[in-house]
Amino acid sequence: MIPLRPLRTSTPTSLRVLIVGGVAGGASCAARLRRLDETCEIVLLDRGAYVSFANCGLPYFVGNVIADEKNLLVASADLFRDRFRIEVRTGTEAVAIDRARQVLTIRDVASGATREESYDSLVLAPGASPVRPALPGIELDGVFAVRSIPDTRRIRAWIDDRDARRAVVIGGGFIGLEMAENLAHRGLDITVLEKLEQVMPPLDPEMAAPVAEHLRSKGVTLVLGDGLARIEARGGGFAVVTEAGVTLEADLVILAIGVRPESALARDAGLKIGPRGGIVVDARMQTDDPHIWAVGDAIEVHDVITGQEVVLPLAGPANRQGRIAAESIAGRETGFRGIQATAVVGVMGMTAASTGASEKGLRRAGVTNFEKVYLHPGHHAGYYPGAKPIHLKLLFSVPDGRVLGAQAVGLEGVAKRIDVIAAAVQFGGTVHDLAEAELCYAPQYGAAKDPVNLAGMIAANVLNGDMPLADWEAIGHDATVVLDVREPGEFSAGAIPGAINIPLSELRSRFGELTARGSFDVCCGVGQRAYYAVRFLRQNGIDARTLSGGYATWKMRKAAGL
Ligand SMILES: Cc1cc2nc3c(=O)[nH]c(=O)nc-3n(C[C@H](O)[C@H](O)[C@H](O)COP(=O)(O)OP(=O)(O)OC[C@H]3O[C@@H](n4cnc5c(N)ncnc54)[C@H](O)[C@@H]3O)c2cc1C
C-alpha cells in the first residue's frame, strides 16, 4: 500500500473529474462527489451500454427470477444528469492516460473514433474481467462469461433459441454456483466442473462439504478435483473435456473461474501495479500519481486479518471505496480500513457465508497462533417448530481471543450470524465479546443463547482451559482413545471408527473403565455432551479433550475427504 500524502487543505473549485467505469465503484464515486462538491464537473465513462447496473443480479436475470431487464438498472444516465448534474457517456472506452498532460484518450466504441479529454482528477473504476484461459474451444460461440447485461441477454437467447437442456458450469465459486442455480431454475441439467476438491474455494473444505451435498441432492452433478482441458463443438452442442479425460456433454458452457483486475490502462500509464495484478493505492484510494485515484475490483486491498495485500472482487468494498475516493478528491479526511472478505452466497435454498480469514487462508499467511471451534446449533430455539441447523466454524487467535474469521452454512439464519461476527471482527472483537453480545431473541428468530453467543462461549472455554480441544487431524494417528458419549442408538447409527461408547449418563458409574486407558478425545453429536464429559473427566484426573462439533463435524470432514 502507498503511504498517505498530506491532505489537500483547500479544495480547488470547478475541478474536472473523469471517472472510468460507471458501475459499483465509479457510480458511487460520482454521486458522492456531487453531494460534496457542487462546483466540479463530473464525467462518468463506461465502454458498455449501461452505467450503474446490478452485476450481482445478473445470474438471477438468466434464471428469470428477475424477469424484467429494467430491474437491473439501478440508475440511468438521465437520472445522473437530471438529479446530480453528472454527465454519463456510455459506449466510451478509456484507452490511454497521458499523466504529464493530465489527458485521457477515449474511444467511441461504435465508431472507433478517438479523442482527448483533460482532467484535474481521474478515477479508475474499471472492475475486473473474467479469466479466459487460452484453452482450445474457449472462444466458441456458446461459451459464456457473465459480466454484463448483454452477456446475460446472449445466454438467455442461446437457451431459448436452441432449447438448451444441459449446461456445464466451469468453476464452483460464487458466480459459478449462482449460475448453476439459475440455469437449473430454467430447467437445465447442470454439471459443475471445479479444479479444487471442493466447491466455494473461499471456505475451508469441510465447511464447503454441506454445500456440495446440497447441490447433489438437488440434482447437480459435481466434478471436483478436475480442470478444463478443452471444449469441442459436437453435434450442435459441446463436449467439455477435462484434464482427467472425462467428457461432459453440454448445450452451453458457463465460464466462471474467477476474475482478474482490469489494470492494463493503469499499467500502460506507468501507475504502480501490485503482485496480484491490481492497481496499488493508499488508504484514500489515491494511486502513486496524485491526480489519479482507483477503486473497486481493479485495485489491491489490505487484508486486515492476514496483513497481506489481496484482490477482493466484491460490491460492498467497491461501493465504499468509490465514496472514499470522492471524499479524498473533495479534500475530506477519509480512509479505507481494509477488507476482511465478508461474503455470502445462496445456492438452491442453502446459504454459505464467511467473514475474515479461513483456516487455509491463515495457514497460507503463516499464522499459527490460532484455534478453531465448530458448532451446529439450530437457527432458532429448538422448542419452536422448524429449527434448521447452522454449521458454524469460528477461528480466533490464541491467547488473546481476537476473532479472525467465521464460516457458516445452513438453510436459515446463516447471513445474520456471519454479519454479527463480521461487525465484531471489524471492531477488533474477541470471542469474549461474542459470548457477551446482546442479540435479539424471540423463539422464531434465535435463542436466548444465540449461535453467535455459543460460538464465543465455546471458544472462551477453550481459551480459559475448561475445554481443551482434541486435534481432528490426529484421530487414528496417535494412541489417544476416541470416547463417544452419545446414547448407544446414536452410536450404532454411525461413529468414528475405533471409538468406544460410554453414554454421558453412565460416565460416572462406569468411570472405573476409563482410569487405565490413558487419554481421551471425547466425541458426541455436536460437541455439547462431550464438553460436559470432558469437564467431569478432567476434574477426576483424566486427560480428556473435546472433538469440537462432535460427530457432525466428523461427517463434514469425511465428506471433504479430510
Ligand atoms: C455475475 C456477478 C455476480 C456478482 N455477485 C456479487 C454479489 O452477490 N455480491 C458481491 O459483493 N459482489 C458480487 N459481484 C461482484 C461485484 O459486482 C463487483 O465486485 C463490483 O461490481 C465491482 O465494482 P467495480 O466498480 O470495481 O467494477 P464493475 O462494477 O465491474 O464496473 C466496471 C465498469 O468499468 C467499465 N470499464 C472497464 N474498463 C473500461 C475502460 N477502459 N473504459 C471505460 N469503461 C471501462 C466496465 O465496462 C464496467 O462496466 C458479482 C459480479 C458478477 C459479475
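Residues numbered from 1 in each chain as written. Predicted model: local features only at pLDDT ≥ 70, side-chain atom pairs only at ≥ 80, totals over all residues. Heavy atoms only, no water.

> Describe the site of the ligand, with residues and values.
Residues in close proximity to the ligand total 26 residues, the closest being Gly-25, Asp-46, Ala-94, Asp-297 and Ala-315. Contact distances for the ligand include 2.7 Å between an oxygen atom and a side-chain N or O atom of Asp-46. In the environment of the ligand, an oxygen atom lies 3.3 Å from a nitrogen or oxygen atom belonging to the side chain of Asn-55. The protein chains hide 88% of the 990 Å² of surface that the ligand would expose on its own. When residues of the shell around the ligand are traced back to their parent elements, those giving at least two are helix H1 (24–36), strand E4 (92–98) and helix H8 (315–329). (Near = heavy atom within 4 Å. Polar contact = N/O pair within 3.5 Å; in protein donor to acceptor, adjacent residues only side chain to side chain. Areas by Shrake-Rupley, 256 points an atom, 1.4 Å probe, with all protein chains shown as cover. Helix = DSSP H or I, 4+ residues; strand = E, 2+ residues; numbered from the N terminus.)

> Outline H8, supporting the account with residue identities and numerical values.
For H8, built from 15 residues, the straight-helix expectation of 21 Å at 1.5 Å per residue is met to within 8% by its first-to-last C-alpha distance of 21 Å. Turning to H8, its buried residues are Pro-317, Ala-318, Gln-321, Gly-322, Ile-324, Ala-325, Ala-326, Glu-327, Ser-328 and Ile-329. The inward-facing, buried residues of H8 abut strand E1 (16–20), H1, strand E7 (121–124), strand E18 (292–294) and strand E19 (301–302). One or two positions beyond H8, positive phi appears at Gly-331, with a value near 80 degrees. (Expected span 1.5 Å × (residues − 1). Buried < 20%, exposed > 50% of the residue type's maximum accessible area, 1.4 Å probe, protein only. Contact = heavy atoms within 4.5 Å.)

> Quick rundown of the side chain of His-380? Include the residues and the values.
Structurally, His-380 is set in the loop between strand E23 (370–375) and strand E24 (390–397). Under the relative-accessibility criterion, His-380 is labelled buried at 5%. Polar side-chain contacts of His-380 include one of 3.4 Å to the backbone oxygen of Pro-443. The contact partners of His-380, leaving out residues within four places of it in the chain, are Pro-385, Gly-386, Ala-387, Pro-443, Gln-444, Tyr-445 and Gly-446.

> Lay out the sheet that holds strand E5 (residues 103–108) with the relevant residues and their values.
Strands belonging to one sheet form pairs held by backbone hydrogen bonds; the direction of such a pair is parallel or antiparallel. Strand order in the open sheet formed by 3 strands is E4-E5-E6, and the pairing between neighbours is antiparallel. Where the open sheet ends on each side, the last strands, each with one partner, are E4 and strand E6 (114–118). With strand direction ignored, the average angle separating the axes of adjacent strands in the sheet is 30 degrees. Both E4 and E5 contribute to a ladder of 6 bridges, which runs antiparallel. Counted as the bridge partner of Ile-97 is Leu-104 from E5. (Pairing = 2+ DSSP bridges. Axes fitted to C-alpha atoms, helices over the stretch in contact; angles between N-to-C directions.)

> Which residues make up the pattern of salt bridges, and what values do they have?
Note on pairing: side chains with opposite charge can pair once their charged atoms come close. In this structure the tally under the stated criterion is 44 salt bridges. Here Arg-99 ties to Asp-289 by a salt bridge, and the two come within 2.8 Å at their closest N and O atoms. Residue Arg-99 is located in the loop between E4 and E5, and its partner Asp-289 is located in the loop between helix H7 (264–268) and E18; the two are separated by 190 residues in the primary sequence. By relative accessible area, which is 27% here, Arg-99 ends up partly exposed. The exposure class assigned to Asp-289 is buried, which follows from its relative accessible area of 4%. (Salt bridge = Lys/Arg side-chain N within 4 Å of Asp/Glu carboxyl O.)

> Account for the packing of helix H6 (residues 205–217) against helix H15 (residues 550–559), naming residues and giving values.
Where H6 meets H15, the closest approach of the two axes is 8 Å, and the angle between their N-to-C directions is 85 degrees. Our classification of the angle between H6 and H15 gives roughly perpendicular. Contact residues: Glu-206, Met-207, Ala-209 and Pro-210 in H6; Met-556, Arg-557 and Ala-559 in H15. When its residues are assigned to classes, the contact of H6 with H15 shows 5 nonpolar, no polar and 2 charged. (Parallel < 35°, antiparallel > 145°, perpendicular 65-115°, else oblique. Nonpolar A, V, L, I, M, F, W, Y, C, P; charged D, E, K, R; others polar.)

> Before we move on, can you summarise the sheet that holds strand E2 (residues 41–45) with the specific residues and values?
Reading across the sheet, the 5 strands line up as E3-E2-E1-E7-E18 and stay open at both edges, with parallel pairing between neighbours. The open sheet is flanked by strand E3 (86–89) and E18, the only strands paired with a single partner. Strand-to-strand twist across the sheet, computed as the mean angle between neighbouring axes with direction ignored, equals 20 degrees. Contacts from H1 reach E1, E2, E3 and E7, with the element oriented near 170 degrees to E2. Packing against the sheet, H8 makes contact with E1, E7 and E18, and its axis sits at approximately 160 degrees to E18.

> Describe the packing of H1 against H8, with residues and values.
Running from N to C, H1 and H8 cross one another at 35 degrees; their axes reach a closest spacing of 7 Å. Crossing geometry of H1 relative to H8 is assigned as right-handed. Contacts from Ala-24, Gly-25, Ser-28, Cys-29, Arg-32, Leu-33, Arg-35 and Leu-36 of H1 reach H8 at Ala-318, Asn-319, Gly-322, Arg-323, Ala-325, Ala-326, Glu-327 and Ile-329. Residue composition of the contact of H1 with H8, grouped by class: 8 nonpolar, 4 polar and 4 charged. (Left-handed = near helix turned anticlockwise from the far one by under 90°.)

> I'd like to hear about the environment of Ala-422, residue by residue, with values.
The residue Ala-422 is located in helix H10 (residues 414–426) in this model. The exposure class of Ala-422 is buried, given its relative accessible area of 9%. With 28 residues separating them in the primary sequence, Ala-422 and Leu-394 have C-alpha atoms 11 Å apart. The residues touching Ala-422, leaving out its near neighbours within four places in the chain, are Gln-340, Thr-342 and Thr-355.

> How would you sum up helix H14 (residues 528–539)? Please name residues and give values.
For H14, built from 12 residues, the straight-helix expectation of 16 Å at 1.5 Å per residue is met to within 8% by its first-to-last C-alpha distance of 17 Å. Taken together, the buried positions of H14 are Ala-530, Ala-533, Val-534, Phe-536 and Leu-537. All buried residues of H14 project into a common sector of 165 degrees when viewed along the axis, lining one side. In this structure, the buried residues of H14 make contact with strand E26 (481–484), strand E28 (520–523) and strand E29 (544–546). Remark: Gly-541 follows H14 within two positions and exhibits a positive phi of approximately 85 degrees. (Arc of directions from axis to C-beta.)

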